[in-house]
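# A structural walkthrough
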Amino acid sequence: GARGAGAGRRRAAARAEFTGVHHVGLLCESLERAMEFYHGVLGLEINPERPEDKLPYRGAWLWMGPEMVHLMELPNPDPLEGRPEHGGRDRHFCVGIKDVEPLEAALQEAGVPFTRSKSGRKAIFFRDPDMNTLEVVELEPWR
């Protein structure tokens, strides 16, 4: 099940209080190709406050609302072939958007295939050039 052994037991210590997701790290084969997608197609802005010279690999930080995507040019251990056609049945992360239609238009213009949510929500799933899956759902900001 979703609950690990002992998950129902109360701990005497205080519970960890998570404040949100700071960033999502994504592997990419080519930083330039990933930037063309995330900055060029999706329109994410680069965070200049995150210098890359402190890391032993190439990368970039991009704003996605108040959170960030960290692109990391590193070898990908995951298979690129044989992944589910609908990204909702694969590893993915989900972000909110005010209006999904302009994003659909940008994806169509760039030739990026997407599928709509099987649940009927105003949400789409698509993959970046390295087969990372994004779910984007239309909803009001929650922060």
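Fair warning: this is a prediction, and the values are worked out from it, not measured in the lab. (Residues numbered from 1 in each chain as written. Predicted model: local features only at pLDDT ≥ 70, side-chain atom pairs only at ≥ 80, totals over all residues. Heavy atoms only, no water.)

This part is about unusual backbone geometry. Positioned with a positive phi, Met131 is a non-glycine residue whose angle comes to about 75 degrees. Looking at the element boundaries, Met131 is found in the loop between strand 7 (123-127) and strand 8 (133-138). For Met131, a relative accessible area of 23% puts it in the partly exposed group. (Helix = DSSP H or I, 4+ residues; strand = E, 2+ residues; numbered from the N terminus. Buried < 20%, exposed > 50% of the residue type's maximum accessible area, 1.4 Å probe, protein only.)

Let us now look at the packing of aromatic side chains. A full pass over the atoms with the stated rule returns two aromatic pairs. Geometrically, the ring pair formed by Phe37 and Tyr38 is edge-to-face, given 5.1 Å between the ring centres and 85 degrees between the ring planes. Among the aromatic residues, those joined into a cluster by ring pairs are Phe37, Tyr38 and Phe126. For Arg50, the ring lying beneath its charged end belongs to Trp61, and the centroid distance is 4.0 Å. (Phe/Tyr/Trp six-rings, centres within 6.5 Å; stacked < 30°, edge-to-face > 60°. Lys NZ or Arg CZ within 6 Å of the ring centre and 35° of its normal.)

We now examine the sheet that holds strand 4 (residues 67-73). Strand order in the open sheet made by the four strands is 1-4-3-2, with mixed pairing throughout. Bordering the open sheet on either side are strand 1 (23-28) and strand 2 (45-46), each of which pairs with just one other strand. Alignment of strand 1 against strand 4, held across six bridges, turns out to be parallel. Considered in strand 4, the bridge of Cys28 is made with Glu73. (Pairing = 2+ DSSP bridges.)

In this section: the sheet that holds strand 6 (residues 114-116). Pairing within the open sheet is mixed, and its four strands lie in the order 5-8-7-6. Single-partner strands in this sheet number two, and they are strand 5 (92-97) and strand 6. Direction aside, neighbouring strands of the sheet carry axes that sit 25 degrees apart on average. The pairing of strand 5 with strand 8 spans six bridges and is parallel. Counterpart to Ile97 in the pairing with strand 8 is Glu138. (Axes fitted to C-alpha atoms, helices over the stretch in contact; angles between N-to-C directions.)

Next up on the list: the pairing of strand 8. In terms of burial, strand 8 is largely enclosed, as five of its six residues are buried. Here five bridges tie strand 7 to strand 8, and the two strands are oriented antiparallel to one another. Residue pairing in the sheet places Ile124 in a bridge with Val136 of strand 8. Linking strand 7 to strand 8, which pair antiparallel, is a turn of five residues; within it Met131 sits at a positive phi near 75 degrees.

Within helix 1 (residues 31-41), the full set of buried residues consists of Leu31, Ala34, Met35, Phe37 and Tyr38. Down the axis, helix 1 shows its buried residues gathered within 165 degrees of arc, on one side only. Along helix 1, the residues that are exposed and aim more than 90 degrees away from the buried face are Glu36 and Gly40. Buried-residue contacts for helix 1 involve strand 1, strand 2, strand 3 (59-64), strand 4, strand 7 and strand 8. (Arc of directions from axis to C-beta. Contact = heavy atoms within 4.5 Å.)

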